[in-house]
Amino acid sequence: MRFFFTGLIMLFASQVMIAQNLDFSIDKLSPGINDYTIQLADKNEKSTLPVRIIKGENKGPVFTIIAGIHGYEYPPIIAVQQLMNEIDYKKLKGTLVILPIANTAAFSGRSVFYNPIDGKNLNTTFPGKQNGTITEQIAYQITNKIIPISDVFLDIHAGDASEDLISFICFYNAENFPKQTAEAKRLSELGGFENVVSYPYTLKQNEPALYAFKQAVQDGKVALSIESGKLGNVQDEAVKEIKNSVYLMLNNLAIYKKENLVQPSKINNFRKQSYIKTDVKGFFYSDLKAGDKITEGQTVGYVTDFFGNKIKDIKSNASGIILYKIGTPPVNPNETIFCIASNN
């Protein structure tokens with residue numbers, strides 16, 4: 001019995017670590033499941049960062065998956081929970097580094113976009129600060145401990161409580177990293193989504209990346225992101241779509257073999273994004289939904305004051321398809337209420 005338990009501990013090791021001592025030496029790990037709970041503290045505030053490392057029996061690339069950068073985006077969190085418990089490490093060629101919920105306080109607090117501990121948005125905080133607030137510490141740990149050990153970095157999102165969107169996979173067209181960008185584009189087009197979006201990349205090396213997977217791009221990694229699910233709910237089809245995409249990528253990289261995966265019959269490549277913002281506060285009304293086609297100059301909605309009086313018509317500044325939009329009534333000045341994608 002003693003030998004059985006010793007083997008079990010090697011297979012499934014769980015550790016509690018403080019952030020300063022966080023050191024993932026994958027080469028030193030035995031094949032199997034290794035769970036870490038990273039303790040974060042700032043003055044009287046505390047939080048945790050869970051990390052699972054699944055090391056395969058055979059050598060291969062390190063594929064990192066992050067969900068829960070925004071704690072209210074549930075489909076990615078559920079999909080990654082399922083994925084990390086389906087993977088058989090004995091069939092894995094390489095290593096999976098999985099952050100199932102990067103922002104645990106926002107998840108537990110049902111907080112939209114922001115960490116309720118410090119009021120910061122994790123997805124606009126990178127590269128973070130080692131001794132900053134909790135959110136800044138999370139970003140710092142991901143930037144300095146997770147991204148460096150990654151060969152491929154996948155950041156999975158959904159439409160938060162206020163966002164209606166169509167599913168898509170995206171990458172940055174970082175011309176200063178041509179090999180990595182070409183691989184991110186290839187994986188995106190093989191990732192099982194009909195809609196593939198490329199974002200322009202003009203970030204200088206000394207500028208803060210702000211966004212998680214943009215930080216990985218800045219650091220020279222193959223990085224991409226998924227958006228699937230919307231309006232702060234768990235849609236089963238989004239969970240399945242995310243899992244299908246991850247397995248397709250793992251298949252394609254010869255990391256993990258999975259049967260009966262689905263590829264779309266066509267791919268829409270969107271290379272341009274236009275954003276519609278409003279400068280007023282009030283109630284937003286629109287009959288349009290994500291996925292609808294619109295034309296430049298079209299009235300796409302309107303805003304009323306709190307008494308129901310119309311104060312502004314919203315017109316489109318571009319033609320294309322609605323990639324995502326505000327899907328709930330409240331609207332505030334300088335908010336993006338539509339993102340329009342096109343092939344131009």
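Reading guide: rules and limits
- Residues numbered from 1 in each chain as written.
- Predicted model: local features only at pLDDT ≥ 70, side-chain atom pairs only at ≥ 80, totals over all residues.
- Heavy atoms only, no water.
- 1 Å grid on protein atoms, 1.4 Å probe; cavity = no way out; pocket = protein on both sides within 12 Å on 5 of 7 lines; lining within 4 Å.
- Points joined across faces, edges and corners; volume = space filled by probe spheres on them.
- Helix = DSSP H or I, 4+ residues; strand = E, 2+ residues; numbered from the N terminus.
- Nonpolar A, V, L, I, M, F, W, Y, C, P; charged D, E, K, R; others polar.
- Pairing = 2+ DSSP bridges.
- Salt bridge = Lys/Arg side-chain N within 4 Å of Asp/Glu carboxyl O.
- Buried < 20%, exposed > 50% of the residue type's maximum accessible area, 1.4 Å probe, protein only.
- Phe/Tyr/Trp six-rings, centres within 6.5 Å; stacked < 30°, edge-to-face > 60°.
- Lys NZ or Arg CZ within 6 Å of the ring centre and 35° of its normal.
- Axes fitted to C-alpha atoms, helices over the stretch in contact; angles between N-to-C directions.
- Parallel < 35°, antiparallel > 145°, perpendicular 65-115°, else oblique.
- Left-handed = near helix turned anticlockwise from the far one by under 90°.
- Contact = heavy atoms within 4.5 Å.
- pLDDT = per-residue confidence, 0-100.

## Re empty space enclosed by the protein
Part 1 of the argument: All chains considered together, the criterion is met by one cavity of 30 Å³ or more.
Part 2 of the argument: Every residue along the wall of the largest cavity is listed here: Tyr172, Ala174, Phe177, Gln180, Thr181, Ala184, Val217, Lys221 and Ala223.
Part 3 of the argument: Here the element with the most residues in the lining of the largest cavity is helix H5 (residues 178–189); it accounts for three residues.
Part 4 of the argument: In terms of residue class, the lining of the largest cavity is built from six nonpolar, two polar and one charged.

## Looking at the sheet that holds strand E16 (residues 310–315)
Paired through backbone hydrogen bonds, the strands of a sheet run either parallel or antiparallel to each other.
Part 1 of the argument: Pairing is antiparallel across the open sheet formed by four strands, whose spatial order is E16-E15-E13-E18. The strands lining the two open edges of the sheet, one partner per strand, are E16 and strand E18 (330–331).

## Section: the pattern of salt bridges
Part 1 of the argument: Counted by the stated rule, this structure contains 10 salt bridges.
Part 2 of the argument: Across the salt bridge formed by Glu136 and Lys120, the nearest N and O atoms sit 3.8 Å from each other. Taken as a pair, Glu136 in helix H4 (residues 134–146) and Lys120 in the loop between helix H3 (104–108) and H4 lie far apart in primary sequence, 16 residues in all.
Part 3 of the argument: As a salt-bridge pair, Asp279 and Lys312 come within 3.6 Å of each other at their nearest N and O atoms. Taken together, the residues Asp279 in the loop between strand E12 (272–278) and strand E13 (282–285) and Lys312 in strand E16 connect sequence positions 33 residues apart.
Part 4 of the argument: What makes Lys312 partly exposed here is its relative accessible area of 30%.

## A word on the packing of aromatic side chains
Part 1 of the argument: Scanning the model with the defined rule gives 10 aromatic pairs in all.
Part 2 of the argument: In textbook terms, an aromatic cluster arises when at least three aromatic residues are bridged by ring pairs, as seen for Tyr172, Tyr199, Tyr201 and Phe213.
Part 3 of the argument: The residue whose ring lies beneath Lys258 is Tyr247, and the NZ or CZ to ring-centre distance is 5.0 Å.
Part 4 of the argument: We note Lys310 situated over the ring of Tyr302; from NZ or CZ to the ring centre the distance is 4.9 Å.

## Focus on the packing of helix H2 (residues 74–86) against helix H7 (residues 236–252)
Helices that pack against each other are described as a pair by the angle of their axes relative to one another and the distance between those axes.
Part 1 of the argument: Relative to each other, H2 and H7 sit at 50°, their axes nearing to 8 Å. Comparing the axis directions of H2 and H7 gives the class oblique. Crossing angle aside, the handedness with which H2 passes H7 is right-handed. Residues Pro75, Pro76, Ile78, Ala79, Gln82, Leu83 and Glu86 of H2 form the contact with H7, whose own contacting residues are Ala238, Val239, Ile242, Lys243, Val246 and Tyr247.
Part 2 of the argument: When its residues are assigned to classes, the contact of H2 with H7 shows 10 nonpolar, one polar and two charged.

## Topic: the confidence of the model for the chain
Part 1 of the argument: Summarising the model, the chain shows a mean pLDDT of 93, and 94% of its residues fall at 70 or more.
Part 2 of the argument: Ignoring residues within four places in sequence, the model shows residues 1–12, a span with pLDDT below 50, making eight contacts including any to other chains.

## Re the layout of surface pockets
Part 1 of the argument: Volume-wise, the largest pocket comes out at about 1,100 Å³.
Part 2 of the argument: Around the largest pocket, the lining is made up of 35 residues, and of these Phe113, Glu163, Tyr211, Tyr324 and Thr336 lie nearest the centre.
Part 3 of the argument: When grouped by side-chain class, the residues that make up the lining of the largest pocket number 15 nonpolar, 12 polar and eight charged.

## Section: the environment of Val217
Part 1 of the argument: Residue position: Val217 is located in helix H6 (residues 212–218).
Part 2 of the argument: Its relative accessible area of 5% is what places Val217 among the buried residues.
Part 3 of the argument: The spatial distance from the C-alpha of Val217 to the C-alpha of Ala174 is 7.5 Å, given a sequence separation of 43 residues.
Part 4 of the argument: Setting aside anything within four residues of it in sequence, one finds Val217 in contact with Tyr172, Ala174, Phe177, Tyr201 and Ala223.

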